[in-house]
Amino acid sequence: MRDGEMPGAVNPASFRDPGGFVFRGGDGILYRQINTGAADDYRRLMDSGLYADLTGAGLLIEHDEAPLTTRRSEAGEIVIRPRELPFISYPYEWSFAQLKEAALLTLRVQERALHFNMCLKDASAYNIAFKGTRPVFIDTLSFEPYAEGAPWVAYRQFCQHFLAPLALAAYREPRMSNLLQVHLDGIPLELASQLLPRRTWLRFGLLMHIHLLASMQRREARRQKQRTPLDTSALQKRSVTKTALRGMLDSLRGTVEHLMYRRRVTEWSDYYANNSYSDEGVECKKRLTSAYLERTKPRVVWDLGANTGQYSRIAARMGAYTVAFDMDWRCVEINFQESRTTQLDNVLPLCMDLTNPSPAIGWAHRERSSLQDRGPADTILALALVHHIAIGNNVPLGRIAEYFAKLCRHLVIEFVPKDDVQTQRLLESREDIFTGYTRERFEAEFGVFFRILEANAIAGSDRVLYLMESVAN
Amino acid sequence: MRSHRYGLGKIAVAAMLSAFLWPGTAHAYLDGGTAALLFQALAAGVFGALFVVKMFWARIKAFFRKLTGRTPRENDTNA
């Protein structure tokens, strides 16, 4: 748990909008304070029927109003208690389909808001959270009255946060949405325009919302550099009518909807069709995983190295909110689609490279939390993973145990011995320097941080599935 | 002297863009970006016209569907 989550603390990411902020009350409950300047906008959201419309459609996070005595500072006029989500994920951890869903949700919210003569004052991807496979808008303070004729102030932000990474993922490479981790306010449009292939100039939406807008930004930057006054004479005659604004939103929606990522097989996406398990082994591993989870009864499970989520869905079916991490974007994409198809709404698939997990970033390293700060999970599943970290990435077993102990209370972990065909594959092109990679050493190293509760062989293999409990628990 | 002129120019631009032209954006905490705001004003006609044509076309299609008794597709209601 990070310091911003301690009782009484203001959420360190909640400072840009002077209209209010999110804080953790002394009672451990998450609150949002609404300051005097934003109270009228909030009342309008509630009284206009927009809140009921959006929450009724599952687009906006629900909240209750809390007594004013819970406010964090004198500036507060209203305090609300939003429904809290079990895990907050970030856009740079989403797959293509998740980012696309989040973009479409933002546009739907803005279109609905316009019907009620309100408007989104920002369009940050961080306003969206995933509740399992369903995106939901979480910033109740993002609404302001719509002023007839005004352009959409959040238009550039929408293009930077959503359209640019989606276009780059679709036309260049899905991993390019990783740029969102470097550019916290979205990918600069000049950069996106440079990186996109020339043929995207022929796509009307991308031409307008990325290339021409980027050109205009370049021109504007030149003008400011040359200190030439802005010519506003032509603009005084023009305004962005509501029809034009709806047209622009419709164009953005069409552009986003038409963006598709290129389907192809990656190193891991056909893993289950191409691994060393027998059917008997798979069944045994599933049975053991279920039995271990039954014993620990977790509320939140993190499945590390989840692949396409076969085992995540076991945890989810048992009622645990399951966050399924994998470093392979295609696996995360498949997991997301599969979980959607099977209507499991408590699985959240995310892209994460465990050898380089999401760090704490943003202002003072406190705006976006590291993976560890978002834990600990009740139970971690680390199936067919340890050999990749220990041998594939040279991490000593003791360090793996130490890190996992910071992430969870219970650990379901599979030990894959050195003579296993998958481990041998990792050693194919390198010298075997891993003399300490043995079952005995594994148990000794993990024994420092965990109590071993169960150890059972997986049928048809030399692999062993352990259930452990953190000694700090 | 130049920086003074520039300062006044900047204030004038901000006032024109946020308060005079579009009163609703005067208190927005987000910087919409001068270029993005201007771009919308310039492209408004294009987006507006395309949208009107799209809606008009959807109505024509809906009319003929009604005549032939076919039910409209979900997408057409968005147009």
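Residues numbered from 1 in each chain as written. Chains lettered and ligands numbered in written order. Predicted model: local features only at pLDDT ≥ 70, side-chain atom pairs only at ≥ 80, totals over all residues.

### Re the overall build of chain A
- Across its full length, chain A carries 15 helices and 15 strands.
- The C-alpha radius of gyration of chain A comes to 25 Å, within 12% of the 23 Å expected for a compact globule of 473 residues.
- When its C-alpha atoms are laid out on the principal axes, chain A stretches across 80 × 60 × 40 Å.
- Within chain A, buried positions represent 45% of all 473 residues.
- Relative to all contacts within chain A whose residues are 6 or more apart in sequence, the contacts with residues 24 or more apart total 69%. (Helix = DSSP H or I, 4+ residues; strand = E, 2+ residues; numbered from the N terminus. Rg over C-alpha atoms; globule rule 2.2 N^0.38 Å. Buried ≥ 20, exposed ≤ 12 C-beta atoms within 10 Å, placed from the backbone. Contact = placed C-beta atoms within 7 Å.)

### With respect to the interface of chain B and chain A
- Contacts between the two partners involve 30 residues from chain B, matched on the other side by 39 residues from chain A.
- Only α1 (2-21) and α2 (34-68) of chain B provide two or more residues apiece to the side of chain B that touches chain A.
- With 15 residues, α2 of chain B is the largest single contributor of residues to the side of chain B that touches chain A.
- Each residue belonging to the side of chain B that touches chain A can be placed in one class, and the counts come to 21 nonpolar, eight polar and one charged. (Nonpolar A, V, L, I, M, F, W, Y, C, P; charged D, E, K, R; others polar.)

### Comments concerning the sheet that holds strand β2 (residues 30-35) of chain A
All names here are of chain A.
- A sheet is described by the order of its strands in space; here four strands give the open sequence β1-β2-β4-β3, paired in antiparallel fashion. Here the strands that pair on one side only, and so sit at the sheet edges, are β1 (20-24) and β3 (63-66). If you compare each strand with its neighbour and ignore which way they point, the axes differ by 30 degrees on average.
- With four bridges connecting them, β2 and strand β4 (residues 76-82) associate as antiparallel partners. Residue pairing for β4: Asn 35 is matched across the bridge by Gly 76.
- Contacts from helix α1 (residues 36-47) reach β1, β2 and β4, with the element oriented near 105 degrees to β2. (Pairing = 2+ DSSP bridges. Axes fitted to C-alpha atoms, helices over the stretch in contact; angles between N-to-C directions.)

### Points about the nonpolar core
All names here are of chain A.
- Counting 143 residues, the largest nonpolar core has Leu 163, Leu 166, Ala 167, Ile 210, Ile 380 and Ala 382 as its most contacted members.
- The element contributing the most residues to this core is helix α4 (residues 155-171), with 11 residues.
- The residues contacting Ala 382, other than those within four sequence positions of it, are Leu 304, Gly 305, Phe 404, Leu 411, Val 412, Ile 413 and Glu 414. (Core = buried A, V, L, I, M, F, W, Y, C linked by C-beta atoms within 7 Å.)

### Here we look at the packing of helix α3 (residues 96-115) of chain A against helix α11 (residues 329-341) of chain A
All names here are of chain A.
- One can describe the packing of α3 onto α11 by two numbers: an axis separation of 8 Å at closest approach and a directional angle of 60 degrees. With respect to each other, α3 and α11 are oriented oblique. Contacts from Phe 96, Ala 97 and Gln 98 in α3 reach Glu 333, Phe 336 and Gln 337 in α11.
- Among the residues making up the contact of α3 with α11, the classes are represented as three nonpolar, two polar and one charged. (Parallel < 35°, antiparallel > 145°, perpendicular 65-115°, else oblique.)

### Details of the pairing of strand β13 (residues 408-415) of chain A
Residue and element names in this part refer to chain A.
- Where burial is concerned, most of β13 is hidden: eight out of the eight residues are buried.
- Relative to β13, strand β12 (residues 377-382) is paired through five bridges, and the arrangement is parallel. Each residue of the ladder has a partner; that of Thr 379, found in β13, is His 410.

### Considerations on the confidence of the model for chain B
Residue and element names in this part refer to chain B.
- The share of residues in chain B with pLDDT of 70 or more is 54%, and the mean pLDDT across the chain is 70.
- Note on residues 1-12: pLDDT is under 50 here. Beyond four places in sequence and across chains, it has three contacts.
- Across the predicted assembly, pTM comes out at 0.90 and ipTM at 0.85. (pLDDT = per-residue confidence, 0-100.)

### Considerations on the pairing of strand β11 (residues 347-351) of chain A
Residue and element names in this part refer to chain A.
- Among the five residues that make up β11, five are buried, leaving the element largely enclosed by the rest of the structure.
- Judged by which residues are buried, β11 turns out to be covered on both faces: Val 347, Pro 349 and Cys 351 on one side and Leu 348 and Leu 350 on the other are all buried.
- Inspection of the sheet shows strand β10 (residues 321-326) paired to β11 by five bridges, in the parallel sense. Residue pairing for β11: Asp 326 is matched across the bridge by Cys 351.
- Assessed by its sense of winding, the connection that carries the chain from β10 through α11 to β11 is right-handed. (Right-handed = clockwise from strand over helix to strand, strands pointing away.)

### Re the packing of helix α7 (residues 204-226) of chain A against helix α8 (residues 242-258) of chain A
Residues and elements named next belong to chain A.
- For the pair α7 and α8, the least separation of the axes is 9 Å and the interaxial angle reads 115 degrees. Of the possible angle classes, the one that applies to α7 and α8 is roughly perpendicular. Note that α7 runs across α8; the crossing there is left-handed. Facing Gly 205, Leu 206, Met 208 and His 209 of α7, the residues of α8 in contact are Ser 251, Leu 252, Gly 254 and Thr 255.
- The residue inventory of the contact of α7 with α8, partitioned by class, reads three nonpolar, five polar and no charged. (Left-handed = near helix turned anticlockwise from the far one by under 90°.)

### Quick word on the sheet that holds β11 of chain A
Residue and element names in this part refer to chain A.
- Taken in spatial order, the seven strands line up as β11-β10-β9-β12-β13-β15-β14 in an open sheet, and their pairing is mixed. Of all the strands in the sheet, just β11 and β14 (450-457) have a single pairing partner and so form its edges. Across the sheet, the mean angle separating the axes of adjacent strands is 15 degrees when strand polarity is ignored.
- In this sheet, strand β15 (residues 464-470) lies alongside β13 in antiparallel orientation, the contact comprising six bridges. Across the sheet, Ile 413 pairs through a bridge with Tyr 466, a residue of β15.

### Some remarks on the environment of Gly 375 of chain A
All names here are of chain A.
- With respect to the helices and strands, the residue Gly 375 is situated in the loop between β11 and β12.
- On the neighbour-count criterion, Gly 375 (20 C-beta atoms within 10 Å) is buried.
- Sequence separation between Gly 375 and Cys 408 is 33 residues; the distance between their C-alpha atoms is 7.2 Å.
- Not counting the four nearest positions on each side in its chain, Gly 375 is found in contact with Leu 407 and Cys 408.

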